[in-house]
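Next come the chains, spelled out residue by residue.
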Amino acid sequence: MRYIKYVFLAVLAVLLITVALANRALVSLHLLPQELSEVLGLSTEPLQLPLFVIVVGGIVAGLVIGFIWEWLREMKFRGTASKAAKLQKEVDQLRAATPAEKGGQADDVLALLESKA
């Protein structure tokens, strides 16, 4: 299974390198539309970047935004799981406590029977 993983990663790397080499022409990237930059009084020069850098950067930015969004969305579930784990630990500690630690008998009925005998 490990070798299949390595073969898959090698094929993927070759494909990505091929796409990058095929799209290395410079393109202009404007951060703001021309009209908006004039209204705001910002004079931004377009960035000259290879096309594959823009495509890969967009993919990476999308992944990062998705991971952050999912992390924030699942925060309430992690909180609930943490509380459940604390409660389970408390239940386990109470079950493990011996009757002598509780200051009495293991069962109230047995305590009554032993006191009458």
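Check the entry above for the structure.
Because the structure is predicted, anything quoted here is derived from the model rather than measured.

### Quick notes on the overall build of the chain
Secondary structure assignment for the chain yields 6 helices and 2 strands. Its helices and strands in sequence order give the chain the pattern α-β-α-β-α-α-α-α, from N to C terminus. Taking all 117 residues of the chain together, 2% fall into the buried category. By sequence separation, contacts in the chain at least 24 residues apart represent 37% of the contacts at least 6 residues apart. If you sum the accessible surface of the chain, you get close to 10600 Å²; carbon and sulfur atoms cover 69% of it.

### Details of the pattern of salt bridges
Summed over the entire model, instances satisfying the criterion amount to 2 salt bridges. Residues R73 and E74 are paired through a salt bridge, measuring 3.7 Å at the closest nitrogen-oxygen approach. By relative accessible area, R73 is classed as partly exposed at 42%. Salt bridges sharing partners connect three or more residues here, namely E70, R73 and E74.

### Section: the packing of helix α3 (residues 51–73) against helix α4 (residues 75–96)
Direction vectors running N to C along α3 and α4 enclose 40 degrees, while the axes themselves pass 4 Å from each other. What the angle tells us is that α3 and α4 run oblique. Residues W71, L72 and R73 of α3 pack against M75, K76, F77 and R78 of α4. For the contact of α3 with α4, the per-class residue count stands at 4 nonpolar, no polar and 3 charged.

### Re helix α1 (residues 2–22)
Helix length check: α1, at 21 residues, gives a terminal C-alpha distance of 30 Å against a target of 30 Å (1.5 Å per residue), a fit within 8%. In terms of residue burial, α1 counts as a barely covered element, since only 1 of its 21 residues are buried.

### Focus: a nonpolar patch on the surface
Taken together, the side chains of V56, V60, V64, I68, W71, L72 and M75 make up a nonpolar region of the molecular surface, amounting to roughly 650 Å² of accessible area. Looking at the nonpolar patch element by element, the count peaks at 6 residues for α3. Structurally, V56 can be placed in helix α3.

Scoring rules and cut-offs
Along each chain, the written sequence defines residue order, and numbers are assigned to residues from 1. Restriction of local features to residues with pLDDT of at least 70 applies here, the model being predicted, together with a cutoff of 80 or more for giving and counting side-chain atom pairs; totals for whole chains, interfaces and linings are based on all residues. Side-chain figures throughout are based on the complete set of non-hydrogen atoms in the structure, without hydrogens or water. We count a stretch as a helix when DSSP gives it H or I for four or more residues in a row; a strand needs E for two or more, and each element gets its number in order from the N terminus. Each residue's exposure class comes from its accessible area (1.4 Å probe, protein chains only) as a fraction of the maximum for that residue type: buried when under 20%, exposed when over 50%, partly exposed otherwise. Throughout, a residue-residue contact means that at least one pair of heavy atoms, one from each residue, lies within 4.5 Å. To be clear on the numbers: accessible area is Shrake-Rupley with a 1.4 Å probe, and residue cover counts the displayed protein chains and nothing else. We define a salt bridge as a contact between a side-chain nitrogen of Lys or Arg and a carboxyl oxygen of Asp or Glu at a distance within 4 Å. Axis angles are defined between N-to-C directions and span 0 to 180 degrees, where every axis is a line fitted to C-alpha atoms and, for a helix, only to the segment in contact. Orientation is classified from the angle alone, with under 35 degrees giving roughly parallel, over 145 giving roughly antiparallel, 65 to 115 giving roughly perpendicular, and any other angle giving oblique. Residues were grouped as follows: Ala, Val, Leu, Ile, Met, Phe, Trp, Tyr, Cys and Pro as nonpolar; Asp, Glu, Lys and Arg as charged; and all remaining residues, including Gly, as polar. A helix is expected to span 1.5 Å multiplied by its residue count minus one. Patch rule: a residue counts if its relative accessible area is over 30% and it has no salt bridge; like charges are joined within 9 Å, and nonpolar side chains (Val, Leu, Ile, Met, Phe, Trp, Tyr) within 5 Å.

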